[in-house]
Amino acid sequence: MPPASPEPVTLTPGAITLAKLRAIHAGAPFDIDASAWAGVEAAAASVRRIVQSGRTVYGVNTGFGLLAQTRIGDDKLETLQRNLILSHACGVGPALERPVVRLMIALKAVSLARGHSGVRRAVIGQLLALAAKDCLPVIPAQGSVGASGDLAPLAHLACVLIGEGEAVAGGATLPGGAALARAGLDALTLGPKEGLALINGTEASTALALDALFAAQRVMGAALGAGALSVEALMGSHAPFEARLHEVRGQPGQIAIAQRLRELLEGGGVKGAHATCGRVQDPYSFRCQPQVMGAALDLLTQSARTLEIEANGVNDNPVIFPDTDEAISGGNFHGEPIAFAADQITMALCEIGSLSERRTAVLVDPKMSGLPAFLVRDGGLNSGFMIAQVTAAALVAENRSLAFPASVDSVPTSANQEDHVSMATGAARKAGQVARNAAAIIAVELLCAAQGLDFRRPLAASAPLESLHGAIRARAAHLDADRYMATDLAALTQAVLDGGLGQAVDWRLQDPAPHPLTLPSPP
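Please read all numbers here as calculations on a predicted model, not as lab measurements.

A. Spotlight on the overall build of the protein chain. Looking only at helices and strands, the protein chain features 20 helices and 9 strands. Scaling as 2.2 N^0.38, a compact globule of 523 residues should have a C-alpha radius of gyration of about 24 Å, and the protein chain matches this with 26 Å. With respect to the principal axes defined by its C-alpha atoms, the protein chain has extents near 85 × 50 × 50 Å. Within the span of the protein chain, comprising 523 residues, buried residues form 55% of the whole. Sequence separation of at least 24 residues holds for 78% of the intrachain contacts in the protein chain that already meet a minimum separation of 6. Carbon and sulfur atoms make up 55% of the accessible area of the protein chain, which amounts to about 21000 Å² in all. If the 40 positive side-chain charges of the protein chain are averaged to one point and the 48 negative ones to another, these points end up 3 Å apart.

Right, dumping it as structure tokens:
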């Protein structure tokens, strides 16, 4: 039986939740709530009145950036917007992945539908139609510094609306006009301010950061399962996870992680089998999991809140206020909040992976674990998990090099008019790479912990951990002798990223409560 189609998502601008964005990322169809259209039409009418008044307003009838002082005649306003889109489509590098492009479209539609950008309903409708008809723009990943908007990536998105650029339609990469035709859509002619509204904004960096956040949540769940399974493989102490210990410190993430570890470890026969052993303390990578993983959890929670707020915000420039026909030029396009959030996600993932690799190193070391060297019989003839731990160490080192915060960097652009930029898009792209690396590090630990538990048989772990062990074994058999291991690692890495290891790791941080935004009353 084919999988059920995902439920459609209705997006109410200003009230978007991470759960809805996660559903869109996973492929759910989406639309804008009808309550938004009155505000959209009011803002578009305001732009028309501004043009008719003859006032000079940035982005409506002027050049852009350093050329903002150049007044453009009314007869050239459509050409102005078209030229803006074409000139800014200067991205390079690999194309963004399909889930990220879908998020970009949804985020841009929501921001425009807040009713402060001055675009016509038809522009938002064309965006929604691209997603609905699976006509997704080809958007190069590189070229944005995360200020003045994600200009290059959003220009590539906007190109397809006007029949330019490239898009994937019907499984084929086509020129923008041909892709629209295959989808049964006509190219738009952009009106005053509409091109600028499409490329000003943080939608590329926010979509990439959300993609990294959703992966980080799955990695966190898998890392907790792996960490608990490693405790049992080591025959480690459960005492460091006792509730009172964490309550007296008071850090919320630490308390939550300790509780989750207790849930995973409760039951089973491993703990009782070594109740009288002489080990006083386990290494930090085992007993300090609540402290380290809890701090990472707090960072991910803060990042999630920032990104949810951004997903609901108006990040255009200038911002239109229809009740007074004002177009106020500011800097809502500046991506600093997203840059900080993405860097925090990267740091959290870096530490999650680092802690996991240290547990793997303990398990493969017979002096530390009491298990066969490199977790294999006939050591010497077999190398076991020796190089798997080396791979994890290599990925930890790579993550450390990627963890330098992009948000502290800035390269002035546009002839120093845009003299401080956020580098949010680069920060978010790095976070996604670190998430993928961390998933592979966790995969190595899962294999080693399952192997270690095999050597403790006939002792059984808790029901959740035995379920996790079974999910691992469904993808990778016990290592009796050396074999080609890359397939096992790839299967477990994908399972971590997909969240496919069952209830033992189907755990993620609770989404923060929706941020209350003060929305204008409909006109």
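After presenting the structure, the write-up continues.
B. Broad picture of the pattern of salt bridges. Here the structure, examined in full by the defined rule, presents 14 salt bridges. A salt bridge links Arg359 to Glu445; the nearest nitrogen and oxygen atoms lie 2.6 Å apart. Pair noted here: Arg359 is in helix α15 (residues 336-364) and Glu445 is in helix α18 (residues 424-455), with a separation of 86 residues, a long-range link. Note on Arg359: relative accessible area 0%, which makes it buried.

C. Structural detail: unusual backbone geometry. Following Asn317, the chain continues to Pro318 via a peptide bond in cis, the omega torsion being -5°. Relative to the assigned elements, Pro318 resides in the loop between α14 (289-312) and β8 (319-321). Geometrically, the link from Arg457 to Pro458 is a cis peptide bond, its omega value of 20° lying close to zero. The phi angle at Asp325 is positive, at roughly 50°, despite the residue not being glycine. Mapped onto the secondary structure, Asp325 falls in the loop between β8 and β9 (326-328). The phi torsion at Phe374 lies on the positive side, around 60°, for a residue other than glycine. If you trace the backbone, Phe374 turns up in the loop between α16 (366-369) and α17 (386-402). The exposure class of Phe374 is partly exposed, given its relative accessible area of 28%.

D. Summary view of a nonpolar patch on the surface. Where nonpolar side chains cluster on the molecular surface, the patch consists of Met386, Ile387 and Val390 and spans about 240 Å² of accessible area. The residue Ile387 is located in helix α17 in this model.

E. Representation of helix α9 (residues 203-234) in the model. The end-to-end C-alpha distance of α9, which contains 32 residues, comes to 45 Å, matching closely the 46 Å that a straight helix rising 1.5 Å per residue would cover. With 31 of 32 residues buried, α9 lies mostly within the body of the structure.

F. Molecular detail of the environment of Gln433. Inspection of the secondary structure assignment puts Gln433 in helix α18. Overall, Gln433 belongs to the partly exposed group, its relative accessible area being 28%. Remark: the alpha-carbon pair of Gln433 and Leu402, spanning 31 residues in sequence, is separated by 8.6 Å. Apart from the residues lying within four places of it in its own chain, the contact partners of Gln433 are Glu398 and Leu402.

G. A look at the environment of Ile345. Looking at the secondary structure, you find Ile345 in helix α15. On the accessibility criterion, Ile345 (0% relative accessible area) is buried. The sequence separation of Ile345 and Pro140 amounts to 205 residues, and the corresponding C-alpha distance is 23 Å. If sequence neighbours within four positions are ignored, Ile345 has contacts with Ala209, Ala212, Leu213, Ala216, Leu300, Ser303, Leu307 and Ala431.

H. Local environment of helix α1 (residues 18-25). Among the residues of α1, those classed as buried are Leu18, Leu21, Arg22, Ile24 and His25. Taken end-on, α1 shows its buried residues confined to a sector of 160°, consistent with a single buried face. Residues of α1 that are buried sit in contact with β1 (9-11), β2 (30-32), α4 (98-112), α9 and α14.

I. Quick look at the side chain of His469. Take His469: it is sitting in helix α19 (residues 463-473). Apart from the residues within four sequence positions on either side, His469 is in contact with Ala450, Leu453, Asp454 and Arg457.

J. Quick look at the pairing of strand β6 (residues 166-169). Of the two faces of β6, the one lined by Ala167 and Ala169 is fully buried and the one lined by Glu166 and Val168 carries no buried residue. As paired strands, β6 and strand β7 (residues 172-175) are joined by 4 bridges and run antiparallel to one another. Looking at the pairing, Val168 lines up with Thr173 of β7. Remark: 2 residues form the turn of the hairpin made by β6 and β7, two consecutive strands paired antiparallel; Gly170 in that turn has positive phi of roughly 60°.

K. Quick look at the packing of helix α11 (residues 252-265) against α14. Running from N to C, α11 and α14 cross one another at 125°; their axes reach a closest spacing of 7 Å. Here α14 runs oblique to α11, going by the angle between their axes. Once α11 is placed against α14, the crossing between them reads as right-handed. Residue-level inspection shows Pro252, Gly253, Gln254, Ala256, Ile257, Ala258 and Leu261 of α11 in contact with α14, the latter providing Gln289, Pro290, Gln291, Met293, Gly294, Leu297 and Asp298. Per-class residue counts for the contact of α11 with α14 are 8 nonpolar, 5 polar and 1 charged.

L. Fine view of the sheet that holds β7. The 3 strands lie next to each other as β4-β6-β7, forming an open sheet whose pairing is antiparallel. Edge positions in the open sheet fall to β4 (135-137) and β7, since each of these has one partner strand only. Recorded for the sheet is a direction-independent mean angle of 35° between the axes of neighbouring strands.

What counts and how
Residues numbered from 1 in each chain as written. Predicted model: local features only at pLDDT ≥ 70, side-chain atom pairs only at ≥ 80, totals over all residues. Heavy atoms only, no water. Helix = DSSP H or I, 4+ residues; strand = E, 2+ residues; numbered from the N terminus. Rg over C-alpha atoms; globule rule 2.2 N^0.38 Å. Buried < 20%, exposed > 50% of the residue type's maximum accessible area, 1.4 Å probe, protein only. Contact = heavy atoms within 4.5 Å. Areas by Shrake-Rupley, 256 points an atom, 1.4 Å probe, with all protein chains shown as cover. Lys, Arg positive; Asp, Glu negative; His and termini not counted. Charge placed at Lys NZ, Arg CZ, Asp CG, Glu CD. Salt bridge = Lys/Arg side-chain N within 4 Å of Asp/Glu carboxyl O. Patch = residues over 30% accessible without salt bridge, like charges linked within 9 Å, V, L, I, M, F, W, Y side chains within 5 Å. Expected span 1.5 Å × (residues − 1). Arc of directions from axis to C-beta. Pairing = 2+ DSSP bridges. Axes fitted to C-alpha atoms, helices over the stretch in contact; angles between N-to-C directions. Parallel < 35°, antiparallel > 145°, perpendicular 65-115°, else oblique. Left-handed = near helix turned anticlockwise from the far one by under 90°. Nonpolar A, V, L, I, M, F, W, Y, C, P; charged D, E, K, R; others polar.

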